[in-house]
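Summary of the model geometry
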Amino acid sequence: MEEVTEGVNNLAITEPHKKNRIQVSNTKKPLFFYVNLAKRYMQQHEEVELSALGMAIATVVTVAEILKNNGLAVEKKIMTSTVDVKDDSKARPIQKAKIEIVLGKTDKFDELMAAADAEREAAEAEEQS
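The numbering scheme is per chain: residues are counted from 1 as the chain's sequence reads. Local features in this predicted model are restricted to residues whose pLDDT is 70 or higher, and side-chain atom pairs enter the listing and the counts only when it is 80 or higher, whereas totals over whole chains, interfaces and linings include all residues. To get the side-chain values, all heavy atoms of the structure are used, and hydrogens and water are removed first.

Going by what an unreviewed UniProt entry lists, the protein is known as DNA/RNA-binding protein Alba-like domain-containing protein and is assigned to Miscanthus lutarioriparius.

This is how it looks when you write it as structure tokens:
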């Protein structure tokens with residue numbers, strides 16, 4: 001969990017008013033880094049916005065599905081678009097697909113998170129003894 005906290009603190013937020021946005025890359029971090037980061041964001045805010053371009057879209061969808069299937073999140077909004085991305089090797093910009101998924105907390109979010117924390121603490125206590 002320390003790396004998640006470190007990730008939250010080190011994230012560069014492009015829009016200052018979007019403190020609950022996670023921009024997902026399919027090369028930089030493992031899948032469950034984003035799952036745990038989204039959980040942390042939902043603890044701090046009522047909702048989280050997952051955003052990705054191109055090949056990272058599959059990662060965003062997978063993160064959203066994991067959170068939904070575990071009963072932690074519900075879909076609020078899904079937006080797709082294309083954006084122009086400047087490529088240094090080409091003179092003109094290329095178009096990339098973009099997805100934004102807004103997830104909100106479920107009614108049982110806090111209860112499920114508390115149960116998971118208690119389970120993890122019990123496992124750690126058992127390891128130490």
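Text resumes after the structure shown.
Examining the overall build of the protein
When helices and strands are tallied, the protein shows four helices and four strands. Traced from its N-terminal end to its C-terminal end, the protein shows the element sequence α-β-α-β-α-β-β-α. Burial status across the protein gives 32% buried among its 129 residues. In what follows, a contact means two residues having at least one pair of non-hydrogen atoms within 4.5 Å. In the protein, the proportion of contacts linking residues at least 24 apart, taken out of those at least 6 apart, comes to 69%. The helix count covers DSSP runs of H or I at least four residues long, the strand count covers runs of E at least two residues long, and both are numbered beginning at the N terminus. Summary of the burial criterion: residues with accessible area below 20% of their type's maximum are buried, those above 50% are exposed, and those between are partly exposed, where the area comes from a 1.4 Å probe applied to protein chains only.

A few points about the pairing of strand 1 (residues 21-24)
In this description, strands pair whenever DSSP reports at least two bridges between them. As judged from the four bridges shared by strand 1 and strand 2 (residues 47-53), these two strands associate in the parallel manner. Residue pairing in the sheet places Gln23 in a bridge with Ser51 of strand 2.

Some thoughts on the environment of Ala52
The topology assignment puts Ala52 in strand 2. Ala52 gets classed as buried once you look at its relative accessible area, which sits at 4%. Residues Ala52 and Lys98 lie 46 residues apart in sequence; the distance between their C-alpha atoms is 5.8 Å.

Focus: the pairing of strand 2
Of all the seven residues making up strand 2, five are buried; the element is thus mostly covered by neighbouring parts of the structure. When the strands point away from the viewer and the path from the first strand over the helix to the second turns clockwise, the crossover is right-handed. The parallel pair strand 1 and strand 2, bridged by helix 2 (residues 31-44), forms a crossover whose chirality is right-handed. Two elements, strand 2 and strand 4 (residues 94-105), share seven bridges in a ladder whose sense is antiparallel. Counted as the bridge partner of Ala52 is Ile99 from strand 4.

A look at helix 3 (residues 57-69)
Helix span is expected to be 1.5 Å times the residue number reduced by one. In this model helix 3 runs 18 Å from its N-terminal to its C-terminal C-alpha over 13 residues, within 8% of the 18 Å that 1.5 Å per residue would give. Where the residues of helix 3 are buried, they touch strand 1, helix 2, strand 2, strand 3 (73-85) and strand 4. Note on helix 3: the residue one or two positions beyond its end, Gly71, has a positive phi of about 75°.

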